[in-house]
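# Structural description and commentary
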Amino acid sequence: MKITATLTNGTAKIAAERLNITTDITINDAADLADHLSRFITHPYAGERITDTYSIVPNDTGVRIINPTGAFDLPWRHIASTVAQLSA
C-alpha cells in the first residue's frame with residue numbers, strides 16, 4: 001500500500017493505492033490535520049479528535065478519518081509518513 005498526502009491552502013487530500021485500486025478523501029479546513037494525526041503516533045490510545053469539518057477515530061488497525069463526504073482508514077504504520085507529507 002502506498003499513501004500520499006498533500007495540504008494546499010488548508011485543504012488536505014489523502015490517497016491510498018493498493019493493487020491498482022486508489023481510494024482518497026479530500027478534507028476542507030484541515031490546516032491542523034497533521035498535528036491532530038501526530039498525537040496518535042505517541043499516544044495510540046488517545047480518544048477521538050473532532051473538529052467542525054472532520055473527525056479522527058482510532059481503531060484496532062489505525063485511525064479512521066471521517067468527514068461529511070466519506071471516510072478514510074489510515075493504518076498505524078502510515079500515520080507518521082502521512083504527517084510528514086502533510087507538514088512538508
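What this report covers is the structure whose coordinates are included nearby. Predicted model only: the values in this text are computed from it and were never measured.

Spatial strand order, β4-β5-β6-β7: 4 strands in an open sheet with antiparallel pairing. Looking at the sheet topology across the chains shown, the edges are occupied by β4 (49–50) and β7 (70–75). With 5 bridges joining them, strand β5 (residues 55–59) and strand β6 (residues 62–67) adopt antiparallel strand pairing. Within the sheet, the bridge partner assigned to Val57 lies in β6 and is Arg64. Contacts from helix α1 (residues 33–42) reach β4, β5, β6 and β7, with the element oriented near 15° to β5.

Here we come to the side chain of His36. Summarising the element assignment, His36 is placed in helix α1. For His36, the side chain forms a polar contact with the side chain of Tyr54, separated by 2.7 Å. With sequence-adjacent residues up to four places away left out, His36 is seen in contact with Arg49, Thr51, Tyr54 and Ile56.

Glancing now at the environment of Lys13. You can see Lys13 is positioned in strand β2 (residues 11–18). Exposure remark for Lys13: the relative accessible area of 40% places this residue in the partly exposed category. Residues Lys13 and Thr26, spaced 13 residues apart in sequence, show a C-alpha to C-alpha distance of 4.5 Å. Lys13 has contacts with Thr4, Ala5, Thr6, Asp24, Ile25 and Thr26, leaving out every residue within four places of it along the chain.

With that settled, consider the nonpolar core. The biggest cluster of nonpolar side chains holds 22 residues, and the ones touching the most others in it are Ile14, Ile27, Leu33, Leu37, Ile56 and Leu74. Looking at this core, the elements with two or more residues in it are β1 (2–8), β2, β3 (21–27), α1, β6, β7 and α2 (79–87). At 4 residues, the largest contribution of residues to this core is made by α1. Excluding its chain neighbours within four sequence positions, the residues that come into contact with Leu33 are Ala12, Ile14, Ile27, Tyr54, Ile56 and Leu86.

Attention now moves to α1. If you check which residues of α1 are buried, you get Leu33, Ala34, His36, Leu37 and Phe40. For α1, the angular spread of the buried residues around the axis is 165°, confining them to a single face. Counted as exposed and oriented over 90 degrees from the buried face of α1: Asp35 and Thr42.

Cut-off values and rules
- Residues numbered from 1 in each chain as written.
- Predicted model: local features only at pLDDT ≥ 70, side-chain atom pairs only at ≥ 80, totals over all residues.
- Heavy atoms only, no water.
- Pairing = 2+ DSSP bridges.
- Helix = DSSP H or I, 4+ residues; strand = E, 2+ residues; numbered from the N terminus.
- Contact = heavy atoms within 4.5 Å.
- Axes fitted to C-alpha atoms, helices over the stretch in contact; angles between N-to-C directions.
- Polar contact = N/O pair within 3.5 Å; in protein donor to acceptor, adjacent residues only side chain to side chain.
- Buried < 20%, exposed > 50% of the residue type's maximum accessible area, 1.4 Å probe, protein only.
- Core = buried A, V, L, I, M, F, W, Y, C linked by side-chain atoms within 4.5 Å.
- Arc of directions from axis to C-beta.

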